[in-house]
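# Examination of the molecular architecture
Each chain is listed here by its residues.
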Amino acid sequence: MEKEIQEFTEYLETVKRLSRNTVLSYRGDLIKMAAYLQLQGIVRAADVSATALSSYVLDMEKKGMSAATISRYVASIKAFFEYLLREHEIAEDPSFF
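Note that the coordinates shown come from a computational prediction; the quantities given were computed from them, not determined experimentally.

## Things to note about the overall build of the protein chain
Summing up its helical and strand segments, the protein chain has 4 helices and 0 strands in all. Listed N to C, the secondary structure of the protein chain is α-α-α-α in terms of helices and strands. Since a compact globule built from 97 residues should have a radius of gyration of about 13 Å, the 13 Å found for the protein chain is in line with a globular shape. The buried share of the protein chain, reckoned over its 97 residues, is 37%. Taking as baseline every contact in the protein chain between residues at least 6 positions apart, the subset at least 24 positions apart corresponds to 58%.

Written out as structure tokens, the structure reads:
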């Protein structure tokens, strides 16, 4: 999933023209999501399910992360999967959880 995350962050920089700090925040959020999913045996973006993403959000809640922080992570995740769907990298957007 690293390749897709890299392509997405390049898109955010070059097309969306977001600030470097914003891009780094998105990247960090997505790297953490990918690490969690990898522990669940999911390594390809195309294999991510809504259930896996819901599990990730529940895990963040269990760890005591604030609602604001979780909301930021969810926004990053949604933007990432919307991008992948638009680029035809995935067939369905799993971020509707």
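## A look at the packing of helix α3 (residues 50-62) against helix α4 (residues 67-86)
Running from N to C, α3 and α4 point in directions that differ by 160°, and their axes come no closer than 11 Å. Considered as vectors, α3 and α4 are oriented roughly antiparallel to each other. Relative to α4, the crossing made by α3 is right-handed. Listed contacts from α4 to L53, Y56, V57, M60 and E61 of α3 are I70, Y73, V74, I77 and F81. Of the residues contributing to the contact of α3 with α4, the split by class is 9 nonpolar, no polar and 1 charged.

## Brief notes about the side chain of E4
Relative to the elements of secondary structure, E4 occurs in helix α1 (residues 2-14). K3 provides the closest opposite charge to the buried, salt-bridge-free E4, at an N-O distance of 5.0 Å. Discounting residues that sit within four places of it in the chain, E4 has contacts with A45, F80, L84 and E89.

## Details of the pattern of salt bridges
Considering all chains together, one arrives at 6 salt bridges under this definition. The shortest N-O distance in the salt bridge between E13 and R20 comes to 2.3 Å. Using a relative accessible area of 30% as the deciding quantity, one classes E13 as partly exposed. Here K63 makes a salt bridge to D59, at a shortest N to O gap of 3.1 Å. With relative accessibility at 62%, the residue K63 sits in the exposed group.

## As for the packing of aromatic side chains
Given two aromatic rings, one states the distance between the centres and the angle between the planes to describe the pair. A full pass over the atoms with the stated rule returns 7 aromatic pairs. Ring geometry for F8 against Y11: centres 6.4 Å apart, planes inclined by 25°, an arrangement best described as stacked. Of this pair, F8 and Y11 are both found in helix α1, 3 residues apart, which corresponds to roughly one turn of the helix. The same class applies to F8 as to Y11, namely buried.

## Thoughts on the nonpolar core
Counting 28 residues, the largest nonpolar core has M1, M33, L37, F80 and F81 as its most contacted members. When residues of this core are traced back to their parent elements, those giving at least two are α1, α2 (20-39), α3 and α4. Counting residues per element, this core draws most heavily on α4, which supplies 8 residues. Contact partners of M33, with chain neighbours within four places excluded, come to M1, L53, Y56, I77, F80 and F81.

The rules we used
- Residues numbered from 1 in each chain as written.
- Predicted model: local features only at pLDDT ≥ 70, side-chain atom pairs only at ≥ 80, totals over all residues.
- Heavy atoms only, no water.
- Helix = DSSP H or I, 4+ residues; strand = E, 2+ residues; numbered from the N terminus.
- Rg over C-alpha atoms; globule rule 2.2 N^0.38 Å.
- Buried < 20%, exposed > 50% of the residue type's maximum accessible area, 1.4 Å probe, protein only.
- Contact = heavy atoms within 4.5 Å.
- Axes fitted to C-alpha atoms, helices over the stretch in contact; angles between N-to-C directions.
- Parallel < 35°, antiparallel > 145°, perpendicular 65-115°, else oblique.
- Left-handed = near helix turned anticlockwise from the far one by under 90°.
- Nonpolar A, V, L, I, M, F, W, Y, C, P; charged D, E, K, R; others polar.
- Lys, Arg positive; Asp, Glu negative; His and termini not counted.
- Salt bridge = Lys/Arg side-chain N within 4 Å of Asp/Glu carboxyl O.
- Phe/Tyr/Trp six-rings, centres within 6.5 Å; stacked < 30°, edge-to-face > 60°.
- Core = buried A, V, L, I, M, F, W, Y, C linked by side-chain atoms within 4.5 Å.

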